[in-house]
Amino acid sequence: KKKLLEIDTNSVGIVESIDGDPIPTGKIFATGSNEHNTFQKADFFLKSKGQKGPQILVVPPGKWNINDELFKVHKVPVTIIRDGHIGIISAQDGFPLDEGRLLAKKIEGHNNFQDGDKFLKGGGQKGPQIEVLKPGTYRINPLMFKIETIRATIIEQSKSGIVNALDGIPLPENEFVASSVQGHDDFQDGKSFIEKGGQRGPQFDILRPGIYYINPMLFEIKQVDSIEIERGRVAVIVSNVGKEPDDEMRKRLETGADIQGREKYVVAKGFRGIQEDVLGPGRYYLNTIAMMPYIIDTTNITVDWDQQEDVDFDPLTVTSNDGFNIRMSVKVVIRVRPEQAPHMVSKVGSIES
């Protein structure tokens, strides 16, 4: 009695047919439906124009009555993506990538690349894929799909994740940060990002502390410190995004310059410039490319001109009417009210500067 082929639960069977019709020119793997009952109906496979060579379909765990004179089956381990990791996929067969794109478009219905036949018949493209594999076990044909396991994106506590998109439509001229688009699930759904008009370059939206399954071939992530504002301080925000004040508004607004020398105005929310609303004490996760914070003390600040060693400035020297030089100690107490802080930044930048 012929021994059945057994595939254990931790393996998958890779099949090669030694007979059949030729694989079409330009293709690597034979495609076809599973009407041959997982290669157990050898006669049906040949009569239905089954193709000779490596098969896209795999043999799942179980016991199978497969003709080993027609089909060579090699057992390989299943694909396991561990917790805290993702799988980056590159397809070895399929249609060419769309012109100008870095990654293949998403194809529906292939069950996380476990159904290679549906992937190819659905228009799957050859090369790096926009989708990733989340933690789990997958029965994927490793000859068809090359998988690299890497760590998922983890944003640490007290950090923000600044995102840079490597694909998408170009940024408009004179814009520093891409417009926000909705529905991409914190950049974990690359398909939605691209389809909804996501722009290439630095993104306005940020990632807060947590774990994210993001394709690093589409998005670069840089972690920066969150902003901690203590009691007795406020943060004045200089926004690089928003509407530009029109000429009539500029005439009514106080003007200044930011640290890059660009002209800035104290403006309402939604406009580009120094925001009139300040941030009070607390922790904030800011996009420091889009919004630059200036931390301002709102308690009394004493500035001394004296001979003591613990002061910043030497005594002032004044000349009397009769020509004598007199050294004078001076103490000045400064307090910036929260509502005054944006106007101070528009004039001098910050107290420290």
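Residues numbered from 1 in each chain as written. Predicted model: local features only at pLDDT ≥ 70, side-chain atom pairs only at ≥ 80, totals over all residues. Heavy atoms only, no water.

**With respect to the overall build of the protein**
Stage number 1. Helix and strand counts for the protein come out as five helices and 26 strands.
Stage number 2. Counting only C-alpha atoms and orienting by the principal axes, one finds that the protein spans roughly 125 × 45 × 30 Å.
Stage number 3. Within the protein, the proportion of its 353 residues that are buried is 39%.
Stage number 4. Across the protein, the fraction of contacts at a sequence separation of at least 24, relative to all contacts at a separation of at least 6, is 79%.
Stage number 5. Of the roughly 20,000 Å² that the protein leaves accessible, carbon and sulfur atoms contribute 48%.
Stage number 6. Side-chain charges of the protein comprise 44 positive and 50 negative groups, with the mean position of each set lying 9 Å from the other. (Helix = DSSP H or I, 4+ residues; strand = E, 2+ residues; numbered from the N terminus. Buried < 20%, exposed > 50% of the residue type's maximum accessible area, 1.4 Å probe, protein only. Contact = heavy atoms within 4.5 Å. Areas by Shrake-Rupley, 256 points an atom, 1.4 Å probe, with all protein chains shown as cover. Lys, Arg positive; Asp, Glu negative; His and termini not counted. Charge placed at Lys NZ, Arg CZ, Asp CG, Glu CD.)

**A closer look at the environment of Gln 55**
Stage number 1. Note on placement: Gln 55 falls in strand S3 (residues 53-59).
Stage number 2. Through-space distance from the C-alpha of Gln 55 to that of Phe 71 is 9.7 Å; in sequence the pair is 16 residues apart.
Stage number 3. There is a polar contact of 2.9 Å between the side chain of Gln 55 and the backbone oxygen of Gly 53. (Polar contact = N/O pair within 3.5 Å; in protein donor to acceptor, adjacent residues only side chain to side chain.)

**As for the sheet that holds strand S2 (residues 11-17)**
Stage number 1. The strand order across the open sheet formed by three strands is S3-S2-S5, and the pairing between neighbours is antiparallel. Edge positions in the sheet fall to S3 and strand S5 (71-77), since each has one partner strand and no second. Along the sheet, successive strands turn relative to each other by an average axial angle of 30 degrees, direction set aside.
Stage number 2. Two strands pair when backbone bridges link them, and S2 and S5 are joined in this way by seven bridges, in the antiparallel orientation. (Pairing = 2+ DSSP bridges. Axes fitted to C-alpha atoms, helices over the stretch in contact; angles between N-to-C directions.)

**Structural notes on unusual backbone geometry**
Stage number 1. We note that Phe 113 has phi near 65 degrees; this positive angle belongs to a residue other than glycine.
Stage number 2. Locating Phe 113 in the fold gives a position in the loop between strand S7 (85-91) and helix H2 (116-121).

**A look at the environment of Glu 173**
Stage number 1. Relative to the assigned elements, Glu 173 resides in the loop between strand S12 (159-165) and helix H3 (190-195).
Stage number 2. Once the C-alpha coordinates of Glu 173 and Val 332 are considered, the two residues, 159 residues apart in sequence, prove to be 47 Å apart.

**Here we look at the packing of aromatic side chains**
Stage number 1. All told, the structure shown has nine aromatic pairs when counted by the stated rule.
Stage number 2. Both rings, one in Phe 193 and one in Phe 219, keep their centres 4.9 Å apart while their planes meet at 80 degrees; by these two values the pair is edge-to-face. Pair noted here: Phe 193 is in helix H3 and Phe 219 is in strand S15 (residues 219-225), with a separation of 26 residues, a long-range link.
Stage number 3. Taken together through their ring pairs, the aromatic side chains of Phe 39, Phe 45 and Phe 71 make up a single cluster.
Stage number 4. Lying across the ring of Phe 95, Lys 27 places its NZ or CZ 4.6 Å from the centre. (Phe/Tyr/Trp six-rings, centres within 6.5 Å; stacked < 30°, edge-to-face > 60°. Lys NZ or Arg CZ within 6 Å of the ring centre and 35° of its normal.)

**Describing the pattern of salt bridges**
Stage number 1. Applying the stated criterion to the full structure yields nine salt bridges.
Stage number 2. Residue Asp 167 is joined to Arg 101 by a salt bridge in which the shortest nitrogen-to-oxygen separation is 3.1 Å. Separated by 66 residues along the polypeptide, Asp 167 in the loop between S12 and H3 and Arg 101 in the loop between S7 and H2 bring together distant segments of the chain.
Stage number 3. In this structure, Lys 191 engages Glu 195 in a salt bridge whose closest nitrogen and oxygen atoms are separated by 3.1 Å. Of the two residues, Lys 191 and Glu 195 are both situated in helix H3; the distance of four residues between them amounts to about one turn of the helix.
Stage number 4. For Glu 195, a relative accessible area of 58% puts it in the exposed group. (Salt bridge = Lys/Arg side-chain N within 4 Å of Asp/Glu carboxyl O.)

**Description of the environment of Pro 216**
Stage number 1. As for its position among the elements, Pro 216 is in the loop between strand S14 (210-212) and S15.
Stage number 2. Under the relative-accessibility criterion, Pro 216 is labelled partly exposed at 36%.
Stage number 3. Each C-alpha atom, one on Pro 216 and one on Gly 190, is 10 Å from the other, the two residues being 26 residues apart in sequence.
Stage number 4. The contacts of Pro 216, once residues within four sequence positions are left out, are Ile 86, Ile 88, Ile 150 and Leu 166.

**Brief notes about the nonpolar core**
Stage number 1. By size, the foremost hydrophobic cluster in this structure holds 25 residues, and its most contacted members are Phe 39, Phe 71, Phe 119, Met 144 and Phe 145.
Stage number 2. Looking at this core, the elements with two or more residues in it are helix H1 (42-47), S3, S7 and H2.
Stage number 3. Beyond its immediate stretch of four places on either side in the chain, Phe 145 contacts Ile 89, Ser 90, Ala 91, Phe 113, Gly 116, Phe 119 and Ile 140.
Stage number 4. If you look at the next biggest cluster of nonpolar residues, it comprises 13 residues, including Val 163, Tyr 212, Ile 214 and Phe 219. (Core = buried A, V, L, I, M, F, W, Y, C linked by side-chain atoms within 4.5 Å.)

**Things to note about the sheet that holds strand S8 (residues 127-133)**
Stage number 1. Spatially, the three strands line up as an open sheet ordered S8-S7-S10, and their pairing is antiparallel. Here the strands that pair on one side only, and so sit at the sheet edges, are S8 and strand S10 (145-151). In this sheet, adjacent strand axes meet at a mean angle of 25 degrees when their direction is disregarded.

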